[in-house]
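Here's the letter readout for the chains.
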Amino acid sequence: MANDEKTEGFRDSKNIIDGSVNDTNSLNDVIRDIDSGEINELAVVAEGEERTTWFVWVLVMCSTISGLLFGYDTGVISGALITIGSDLGPEVLSNGQKELITSATTLGALLGGLVAGVLSDWTGRRPVLGIADIIFIGGALGQAVCHDVWSMIGGRFLIGVGVGLAACIAPLYIQELSPTRQRGRMVVLNVVMITLGQVIAYGIGAGFFHVHGGWRWMVGLGAVPAGIQIVLLFFLPESPRILLRRGDKAGAHAIMTKIYAFAKPEEVDLKVKVLQAAVQRSVEITQTTTFIQRFKSMIFDPVNRRALIVGCGMQAFQQLCGFNTLMYYSATLFKEIGFDQPTAVGLIISGTNFIFTLVALKWIDIIGRRRIMICSAPGMVVGLTLASISFFYMTKKTGGDLVNGTEYSTAWSAIVLLSMIVFVASYATGLGNVPWQQGELFGLEVRGIGTSLATATNWAGNLLIGSTYLSLMAAITPAGAFGFYAGLCLLGWLFVLACFPETAGLSLEEVKMVFRNGFGIKESQRLRRVKQEIRIREKEKRGQDV
């Protein structure tokens, strides 16, 4: 049936809002249309007021402290590794010990990410953030007082578990509390805080660079924002979708009233009813299946499988591009190529990451996720290729390897820095943000499982890259390593072209429809176009009523 003919058969939107039409049948239409893969006019009308209230801004900013912790605790190790000296026993940390300290965080994050989504389905999103904060505090203080390598590794592992929990749940929590047309931007705010955390980590690292034992302060200060967030969590609400799954319609209505403070009471009622209709199907699936059956559906259900491939594929791309090795080892790298203040130079890199994440904050919901990835990924390939060429010519006199204490060409060192800035700017504009929109790919009944698996893929890739970076540099030279990362980026860009659909402007319940037949590149564009046409008709209808 054609879309125009289909929408003619719906109840008049204004009458529905006024309550003059029996909306039980209309809400059944919402479920029917989600199942059939069509945009429902009532659901579009229910989105209605999209202005972001102060309540939403405060809620999101409190939630993004998790992102700040994520960024700080992954960024602080770069400066700590070059200032630890002999404080942990050995006169100088070996490459193997550095890789263990760094990869311990990633291993912890992998395990934390695996359980985070599933745990949040059981306890709710907010308690998991609180658990992450407690773990952050324990890990930060444990690192600050340790006196041997294995204690440091243990502290980094504990921090990693907290990072894994926070990285999975904070974006998911924010998505479920954000208006549809602002959802991408709100999740990017969490990434902004991750990059800000890295900037702060590099700034503190530079400040403590010449302080004896300063690294202890660097790692210990991570407990401060975690303590602040624990207090704030007592004042934050649970996700309305989780409350509706529990049957708490009154609680969900109260939260929706605060989120849509500019909407009329009857409009808020409609929003809650439409959300309840969409959640109802997920509740039915959850109540009639076991966890094992839902887990299997991620593989054997075509819709869930395609969503999982896209979610995991984007997270793998984010890590295999090699960006986090730059965050972990940038100070070490810049020290080796001759910079006197390597941590301060690392601050330039993290600052670039922060600034261009703000660019994504502005444009991700306007340009769209797919287009911003297609445009930014080639810049990453160019940056890494330029770095590879620079390392090739810079290290000719040392047999292709970086040798500490060697005076390398300042011109080539400057080009390496420039290439890193190009790479990081491109990464921050697209790949640093888009994969964390992962929660919108999955239906509510499997959203916790899907986000856990996608987040675990991220940290598995991080573990692989972080634990092999120094060894790879030694085995195939810096030029070979960065050329290898450039090749992986090219493959990732091809994956985006082939498999990544556009989800901007679609509600969390509507995104699932994209994967009904294939990866939905064209289908997502069609759904967005249909939805835009419905919005235009609704505006014209309101204008006529006035």
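Residues numbered from 1 in each chain as written. Predicted model: local features only at pLDDT ≥ 70, side-chain atom pairs only at ≥ 80, totals over all residues. Heavy atoms only, no water.

1. Describing the overall build of the chain
Item 1. What the chain contains, in helices and strands, is 24 helices and zero strands.
Item 2. By residue count, 59% of the 546 residues in the chain fall in the buried class.
Item 3. Long-range pairs, those at least 24 residues apart, make up 82% of the contacts in the chain with a sequence separation of at least 6.
Item 4. When the accessible surface of the chain is summed, it comes to about 20,700 Å², and 64% of that surface belongs to carbon and sulfur atoms. (Helix = DSSP H or I, 4+ residues; strand = E, 2+ residues; numbered from the N terminus. Buried < 20%, exposed > 50% of the residue type's maximum accessible area, 1.4 Å probe, protein only. Contact = heavy atoms within 4.5 Å. Areas by Shrake-Rupley, 256 points an atom, 1.4 Å probe, with all protein chains shown as cover.)

2. Side note on the side chain of T455
Item 1. With respect to the helices, strands and loops of the structure, T455 is situated in helix α22 (residues 444–499).
Item 2. For T455, a relative accessible area of 0% translates into the label buried.
Item 3. Among the polar contacts listed, one links the side chain of T455 to the side chain of Q438, at a separation of 2.9 Å. (Polar contact = N/O pair within 3.5 Å; in protein donor to acceptor, adjacent residues only side chain to side chain.)

3. Focus on a nonpolar patch on the surface
Item 1. On the surface, a cluster of nonpolar side chains totalling about 440 Å² of accessible area is made up of I355, F356, V359, W363 and I366.
Item 2. Within the secondary structure, I355 is located in helix α19 (residues 342–367). (Patch = residues over 30% accessible without salt bridge, like charges linked within 9 Å, V, L, I, M, F, W, Y side chains within 5 Å. Salt bridge = Lys/Arg side-chain N within 4 Å of Asp/Glu carboxyl O.)

4. A few points about unusual backbone geometry
Item 1. With phi around 75°, T477 is a residue other than glycine that occupies positive phi space.
Item 2. Assignment of secondary structure puts T477 in helix α22.
Item 3. In this structure T477 comes out as partly exposed when scored by relative accessible area, which is 22%.

5. So, helix α10 (residues 183–207)
Item 1. The end-to-end C-alpha separation of α10 is 36 Å, in line with the 36 Å expected for 25 residues at 1.5 Å each.
Item 2. Counting buried residues along α10, 19 of its 25 residues qualify, which places the element largely inside the surrounding structure. (Expected span 1.5 Å × (residues − 1).)

6. Side note on helix α14 (residues 249–259)
Item 1. Residues G251, A252, I255, M256 and I259 constitute the buried set of α14. Along the long axis of α14, the arc covered by the buried residues comes to 130°, so they all point the same way.
Item 2. Of the surrounding secondary structure, the elements contacted by the buried residues of α14 are α5 (54–63), α13 (240–245) and α15 (265–288). (Arc of directions from axis to C-beta.)

7. A few points about the packing of aromatic side chains
Geometrically, a pair of aromatic rings is defined through the distance of the ring centres and the angle of the planes.
Item 1. In this structure the tally under the stated criterion is eleven aromatic pairs.
Item 2. Centroid distance F70 to W459: 5.4 Å. Interplanar angle 50°. Geometry classified as tilted. Of this pair, F70 sits in helix α6 (residues 65–81) while W459 is found in helix α22, placing the two residues 389 residues apart along the sequence. Summarising the burial analysis for this pair, F70 and W459 share the class buried.
Item 3. Taken together, a centroid distance of 6.4 Å and an interplanar angle of 40° make the contact between F423 and Y427 tilted. With a gap of four residues between them, F423 and Y427 both fall in helix α21 (residues 410–429), about one helical turn apart. Neither F423 nor Y427 differs from the other in exposure class; each is buried. (Phe/Tyr/Trp six-rings, centres within 6.5 Å; stacked < 30°, edge-to-face > 60°.)

8. Quick word on the packing of α6 against α10
Item 1. The geometry of α6 relative to α10 is characterised by a closest axis approach of 6 Å and an angle of 35° between their N-to-C directions. As α6 packs across α10, the resulting crossing turns out to be right-handed. For the pair formed by α6 and α10, the contact residues are G67, L68, F70, G71, Y72, T74, G75, V76 and S78 on the first element and N190, M193, I194, L196, G197, Q198, I200, A201, Y202 and I204 on the second.
Item 2. Counted by class, the contact of α6 with α10 contains eleven nonpolar, eight polar and no charged residues. (Axes fitted to C-alpha atoms, helices over the stretch in contact; angles between N-to-C directions. Left-handed = near helix turned anticlockwise from the far one by under 90°. Nonpolar A, V, L, I, M, F, W, Y, C, P; charged D, E, K, R; others polar.)

9. A look at the side chain of S426
Item 1. For S426, the position within the fold is in helix α21.
Item 2. According to the relative accessible area criterion, S426 is buried, its value standing at 12%.
Item 3. Excluding residues within four positions of it along the chain, S426 makes contact with S376, G379, M380 and L431.

10. Here we look at the nonpolar core
What tends to happen in soluble globular proteins is that the nonpolar side chains get buried as a cluster.
Item 1. Counting 116 residues, the largest nonpolar core has M314, L333, F391, M420 and F482 as the members making the most contacts within it.
Item 2. Sort the elements by how many residues they give to this core and α22 lands first, with 20 residues.
Item 3. In this view, M420 contacts L326, L333, F334, I349, A387, F391 and F482; residues no more than four positions away in its chain are not counted.
Item 4. Of all hydrophobic cores here, the second largest spans 20 residues; its members include Y72, I84, C146 and I204. (Core = buried A, V, L, I, M, F, W, Y, C linked by side-chain atoms within 4.5 Å.)

11. Thoughts on the environment of V381
Item 1. Relative to the assigned elements, V381 resides in helix α20 (residues 369–394).
Item 2. Residues V381 and C489, 108 residues apart in the sequence, show an inter-C-alpha distance of 5.9 Å.
Item 3. Among all residues touching V381, those that are not within four sequence positions of it are A486, C489 and L490.

12. Remarks on the environment of L100
Item 1. The residue L100 is located in helix α7 (residues 95–123) in this model.
Item 2. Residues L100 and R156 lie 56 residues apart in sequence; the distance between their C-alpha atoms is 9.4 Å.
Item 3. If sequence neighbours within four positions are ignored, L100 has contacts with W150 and I153.

13. Things to note about the pattern of salt bridges
Item 1. The full count for this structure, using the stated rule, is nine salt bridges.
Item 2. The partner of D121 in a salt bridge is R245, with the nearest N and O atoms 3.9 Å apart. Here R245 lies in helix α13 and D121 lies in helix α7, a separation of 124 residues in the sequence.
Item 3. The partner of E440 in a salt bridge is R183, and the shortest N-O contact between them spans 2.9 Å. Pair noted here: E440 is in the loop between α21 and α22 and R183 is in helix α10, with a separation of 257 residues, a long-range link.
Item 4. For R183, a relative accessible area of 1% gives the class buried.
Item 5. One connected set of salt bridges, linked through shared partners, spans D121, R125, E176, R245 and R447.

14. Considerations on the confidence of the model for the chain
Item 1. The pLDDT averaged across the chain works out to 83; a share of 89% of its residues lies at or above 70.
Item 2. pLDDT under 50 marks residues 1–23. Its contacts with residues more than four places away, or in other chains, come to 39 contacts. (pLDDT = per-residue confidence, 0-100.)

15. A look at the state of the cysteines
Item 1. Evaluation of the coordinates by the stated rule reveals zero disulfides.
Item 2. Unpaired in this structure, C321 has its nearest cysteine sulfur neighbour in C489, at a distance of 4.8 Å.
Item 3. Taking relative accessible area as the criterion, C321 reaches 1% and is therefore assigned buried. (Disulfide = S-S within 2.5 Å.)

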